[in-house]
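Analysis of the macromolecular model
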Amino acid sequence: MIPAVQIVGGGPAGASAAISALLHGAQVELFEKSTFPRHKVCGEFLSPEVQPVFEKLDIWRHFLGKLPAPIRRMELRIGSAVKQWSLPEPAYGLSRFSLDKMLLDLAAERGARIIKHSHKGSTTGPLILAAGRQGSAPKGHRIFGFKAHFSGPVEDCVSLCFFSGGYIGIGPIENNATNVCGLAREDTLTAVRFDIDSFVDNIPLVKDRLSRMTRTTRWLVTGPLIMSTSLRKPRHDLIYPAGDALSFIDPFTGSGMASAILTGSLAGAAAARGRSVESYFSECRKSLSQPFELAHLFRRVLERGWADRVARFIPASVLFRMTRIHPFAI
Ligand SMILES: Cc1cc2nc3c(=O)[nH]c(=O)nc-3n(C[C@H](O)[C@H](O)[C@H](O)COP(=O)(O)OP(=O)(O)OC[C@H]3O[C@@H](n4cnc5c(N)ncnc54)[C@H](O)[C@@H]3O)c2cc1C
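Let me begin by describing the structure that accompanies this report. Worth saying up front: this structure is predicted, and the values here are computed from it rather than measured.

1. Some details on the site of the ligand
The environment of the ligand is made up of 38 residues, and the closest members are Glu32, Gly43, Phe45, Asp244 and Met257. One of the backbone N or O atoms of Phe31 is found 3.5 Å from a nitrogen atom in the ligand. Taken by itself the ligand offers 1,000 Å² of open surface, and the protein chains cover 93% of this. Looking at the shell around the ligand, the elements that each hand over two or more residues are helix 1 (12-23), strand 11 (178-185) and helix 8 (256-273). The element best represented in the shell around the ligand is helix 8, accounting for three residues.

Given below as structure tokens:
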């Protein structure tokens, strides 16, 4: 009998899970409550680790066909410290509008049945929970994310500018556009009534760079963002959590989508082959535990205002390497 797998969520984790489960011979039903394509708050930086996973799913050529912007350099600004380095392999910038549509379209073309409404998450068969971030935080102490696209001079570099409690990243995406995305504490955003143009105007380095560019989309805001300290242990024998539903890594790492695509792909294979949730989870732990723990530690350092000091001693390229996922299982 052909195994049947249900998937909740059609973002990078859910769509990758669908493609993977289909490759392993399952029938797939995927539930997505939003209308695609849609913009989403995200830095839209895809780390190099997505390549082996996309190759395994046989979608690397489709990804390159979307003409993602190659990213070859990184720049980190923390207080007065500025660190720059080159990436050994290119990362890529591609809008979520384009990436998420590409993945969901491929899942549908390869045979997934896409059901355009919400799923409650209860099940009697294998179910992949790829419904995104979860969690709440007390009002006043929350963190929100924001993003917009800009036109203007493009660089093959992602600049990350850290400030008290948050950061802003600026990086290229397809069609010579630039993504500007960040996160900040609720109190600092409330002080400008969530007017993000005013907020970025108060950060001199960002203001200077944006003064040469024109905003082409409205600011999207999302939150609250609850960063996970570790991977959430699955609680059900038949439910494979993947992507942000498994754990939400601090976005400054640029590892969120790679984690979602990797865990989605592993979950799809495991559910299709009848492998236990427990063995799937231990595979995820091998690939993701170190970057999650280090990202959590770095956030603590940021919150205490020590990032400036740490950045003087730890080369930024080392910090970047330490927060990469390891797609061992692929
Ligand atoms: C400010 C910010 C910046 C970021 N920058 C980066 C970056 O530069 N690089 C990077 O790699 N990552 C980044 N991330 C992280 C990245 O966005 C996530 O890790 C990624 O979106 C996770 O994919 P996912 O498929 O798990 O979840 P999602 O992309 O959230 O997809 C979940 C999907 O499930 C659907 N859904 C939810 N509930 C249901 C339901 N009950 N029934 C049916 N459908 C449902 C939703 O509509 C959604 O489409 C950033 C995140 C934030 C907040």
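2. Remarks on the layout of surface pockets
By volume, the second largest pocket amounts to about 270 Å³. Along its surface, the second largest pocket is lined by 15 residues, and Leu225, Ile226, Met227, Arg299 and Arg300 are the ones closest to its centre. No other element matches helix 9 (residues 277-303), which puts four residues into the lining of the second largest pocket. Of the residues that constitute the lining of the second largest pocket, the class distribution is five nonpolar, five polar and five charged.

3. Re empty space enclosed by the protein
If you walk through the whole model with that rule in mind, you get two cavities of 30 Å³ or more. Lining the second largest cavity, in full, are Met227, Ser228, Phe248, Ile249, Asp250, Phe292, Ala295, His296 and Arg299. For the lining of the second largest cavity, the class distribution of residues is five nonpolar, two polar and two charged.

4. A closer look at the pattern of salt bridges
Here the idea is simple: oppositely charged side chains can pair when their charged atoms come close. In total, this model carries 14 salt bridges according to the counting rule given. Where Glu29 meets Arg113, a salt bridge forms, and the shortest distance between an N and an O atom there is 2.5 Å. Here the residue Glu29 occupies a position in strand 2 (residues 27-31), and Arg113 occupies one in strand 6 (residues 113-115), the gap between them amounting to 84 residues. A salt bridge links Arg275 to Glu283; the nearest nitrogen and oxygen atoms lie 3.2 Å apart. The class of Glu283 is buried, set by a relative accessible area of 17%. Linked through salt bridges whose partners overlap, the residues forming this network are Arg38, Arg96 and Asp100.

5. Focus on the packing of helix 1 against helix 4 (residues 96-109)
Between helix 1 and helix 4, whose axes approach to 8 Å, the crossing angle comes to 25°. Relative to helix 4, the element helix 1 lies roughly parallel. The hand of the helix 1/helix 4 crossing is left-handed. Residues Pro12, Ala15, Ser16, Ala18, Ile19 and Leu22 of helix 1 lie in contact with helix 4, whose contacting residues are Arg96, Asp100, Leu103, Leu104, Leu106 and Ala107.

6. Observations regarding helix 9
Leu288 marks where helix 9 bends most, by close to 55°; the proline Pro291 follows one to four residues later. The first or second residue beyond helix 9 is Gly305, which carries a positive phi of 75°.

7. Overview of the sheet that holds strand 2
Within the open sheet, the five strands sit side by side as 6-2-1-7-14. Their pairing is parallel. Of all the strands in the sheet, just strand 6 and strand 14 (239-241) have a single pairing partner and so form its edges. Neighbour-to-neighbour, the strand axes of this sheet turn through a mean angle of 20°, independent of strand direction. Alignment of strand 7 (residues 127-129) against strand 14, held across three bridges, turns out to be parallel. If you follow Leu129 over to strand 14, its bridge partner there is Pro241.

8. Structural notes on the packing of aromatic side chains
Tallying each qualifying case throughout the model produces 14 aromatic pairs. Residues Phe163 and Phe199 carry aromatic rings whose centres are separated by 5.7 Å and whose planes lie at 70° to one another, so their mutual orientation is edge-to-face. Pair noted here: Phe163 is in strand 9 (residues 157-163) and Phe199 is in helix 6 (residues 196-201), with a separation of 36 residues, a long-range link. Residue classification places Phe199 among the buried positions, given a relative accessible area of 7%. Through pairs of rings, three or more aromatic residues link up here, namely Phe146, Phe150, Phe163, Phe199 and Trp219. In this structure, Arg133 is placed above the aromatic ring of Phe248, and the distance from its NZ or CZ to the ring centre is 5.5 Å.

Conventions we followed
Residues numbered from 1 in each chain as written. Predicted model: local features only at pLDDT ≥ 70, side-chain atom pairs only at ≥ 80, totals over all residues. Heavy atoms only, no water. Near = heavy atom within 4 Å. Polar contact = N/O pair within 3.5 Å; in protein donor to acceptor, adjacent residues only side chain to side chain. Areas by Shrake-Rupley, 256 points an atom, 1.4 Å probe, with all protein chains shown as cover. Helix = DSSP H or I, 4+ residues; strand = E, 2+ residues; numbered from the N terminus. 1 Å grid on protein atoms, 1.4 Å probe; cavity = no way out; pocket = protein on both sides within 12 Å on 5 of 7 lines; lining within 4 Å. Points joined across faces, edges and corners; volume = space filled by probe spheres on them. Nonpolar A, V, L, I, M, F, W, Y, C, P; charged D, E, K, R; others polar. Salt bridge = Lys/Arg side-chain N within 4 Å of Asp/Glu carboxyl O. Buried < 20%, exposed > 50% of the residue type's maximum accessible area, 1.4 Å probe, protein only. Axes fitted to C-alpha atoms, helices over the stretch in contact; angles between N-to-C directions. Parallel < 35°, antiparallel > 145°, perpendicular 65-115°, else oblique. Left-handed = near helix turned anticlockwise from the far one by under 90°. Contact = heavy atoms within 4.5 Å. Bend = angle between axes of the 7 residues up to and from the residue. Pairing = 2+ DSSP bridges. Phe/Tyr/Trp six-rings, centres within 6.5 Å; stacked < 30°, edge-to-face > 60°. Lys NZ or Arg CZ within 6 Å of the ring centre and 35° of its normal.

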